[in-house]
Amino acid sequence: LKYSFKPLSSGINAEYGGAVATAISHPFDLTKTQLQSSVGLGLDVSKRTLLEQLNFIYRTSGVKGLFVGFTPRLAKVLPSCAIFITTFEGLKEYFNDSTS
């Protein structure tokens, strides 16, 4: 079985995967950041659980509130996923070819 490395398709697939993972995890990451940033400020937020904070964001800002900062996070995640997976796949093929 001969593997054919295609950097463009590898990078695009990695970006799709990164986008899906970011869309799923962003509301939780946003909530975690809000809870962590409230520590030491004496805010009531630090006493909430993750689910309570998620519910609070949803009640006060709707679904849109759960995705505040999503675009900058995508701008960070997509290139890093593409670079990581493309490099991994390229090196994997390089070393597989050199050992056979």
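What you are looking at is a predicted structure, and each value in this text was computed from that prediction instead of being measured.

S.K.: So, the overall build of the protein chain: which residues are in play, and what are the values?
M.R.: Along the protein chain, the regular secondary structure elements total three helices and zero strands. Along the protein chain, helices (α) and strands (β) appear in the sequence α-α-α when read from the amino end. Relative to its 100 residues, the protein chain shows a buried fraction of 25%. A fraction of 68% describes how many contacts in the protein chain between residues 6 or more apart in sequence connect residues 24 or more apart. As displayed, the protein chain offers around 7,100 Å² of accessible surface, 68% of which is attributable to carbon and sulfur atoms.

S.K.: I'd like a description of helix H1 (residues 7-38), backed by residues and values.
M.R.: Taken as a whole, H1 carries its principal kink of about 45 degrees at Ser25; the proline Pro27 stands between one and four residues after it. Of all the positions in H1, only Ser10, Gly11, Ala14, Gly18, Thr22, His26, Pro27, Leu30, Thr31, Leu35 and Ser38 are classed as buried.

S.K.: So what's going on with the side chain of Gln53? Which residues, and what values?
M.R.: Positionally, Gln53 belongs in helix H2 (residues 50-66). Exposure remark for Gln53: the relative accessible area of 2% places this residue in the buried category. In terms of polar contacts, Gln53 uses its side chain to reach the side chain of Gln34, at 2.7 Å.

S.K.: Describe the confidence of the model for the protein chain, naming the residues involved and giving the relevant values.
M.R.: On average, residues of the protein chain score 87 in pLDDT, and 85% of them reach the 70 mark or higher. Here helix H3 (residues 70-99) is the element of the protein chain with the lowest mean pLDDT, 89, and H2 is the one with the highest, 93.

S.K.: Describe a nonpolar patch on the surface, listing the residues and the values that go with them.
M.R.: Taken together, the side chains of Leu8, Ile12 and Tyr16 define a hydrophobic patch exposed on the protein surface, amounting to about 360 Å² of accessible area. Mapped onto the secondary structure, Ile12 falls in helix H1.

S.K.: Account for the packing of aromatic side chains, with residues named and values stated.
M.R.: Throughout the structure, instances matching the rule amount to two aromatic pairs. Ring centres 5.6 Å apart and planes at 90 degrees place the aromatic pair Phe67 and Phe70 in the edge-to-face group. Relative to Phe95, the ring of Tyr94 has its centre 5.1 Å away and its plane inclined at 75 degrees; by these criteria the two rings are edge-to-face. Look at Tyr94 and you get exposed, because its relative accessible area is 53%. Its guanidinium or amino end placed over the ring of Phe56, Arg48 lies 4.0 Å from that ring's centre, counting from NZ or CZ.

S.K.: How would you sum up H2? Please name residues and give values.
M.R.: Helical periodicity: at 3.6 residues per turn, an α-helix aligns residues three or four positions apart in one direction. The end-to-end C-alpha distance of H2, which contains 17 residues, comes to just 13 Å, noticeably less than the 24 Å that a straight helix rising 1.5 Å per residue would cover. Of all the bends in H2, the largest measures some 105 degrees and sits at Thr60. When H2 is considered as a whole, its buried residues turn out to be Gln53, Leu54, Ile57, Gly62, Gly65 and Leu66. Against the buried residues of H2 lie H1.

Calculation notes
Residues numbered from 1 in each chain as written. Predicted model: local features only at pLDDT ≥ 70, side-chain atom pairs only at ≥ 80, totals over all residues. Heavy atoms only, no water. Helix = DSSP H or I, 4+ residues; strand = E, 2+ residues; numbered from the N terminus. Buried < 20%, exposed > 50% of the residue type's maximum accessible area, 1.4 Å probe, protein only. Contact = heavy atoms within 4.5 Å. Areas by Shrake-Rupley, 256 points an atom, 1.4 Å probe, with all protein chains shown as cover. Bend = angle between axes of the 7 residues up to and from the residue. Polar contact = N/O pair within 3.5 Å; in protein donor to acceptor, adjacent residues only side chain to side chain. pLDDT = per-residue confidence, 0-100. Patch = residues over 30% accessible without salt bridge, like charges linked within 9 Å, V, L, I, M, F, W, Y side chains within 5 Å. Salt bridge = Lys/Arg side-chain N within 4 Å of Asp/Glu carboxyl O. Phe/Tyr/Trp six-rings, centres within 6.5 Å; stacked < 30°, edge-to-face > 60°. Lys NZ or Arg CZ within 6 Å of the ring centre and 35° of its normal. Expected span 1.5 Å × (residues − 1).

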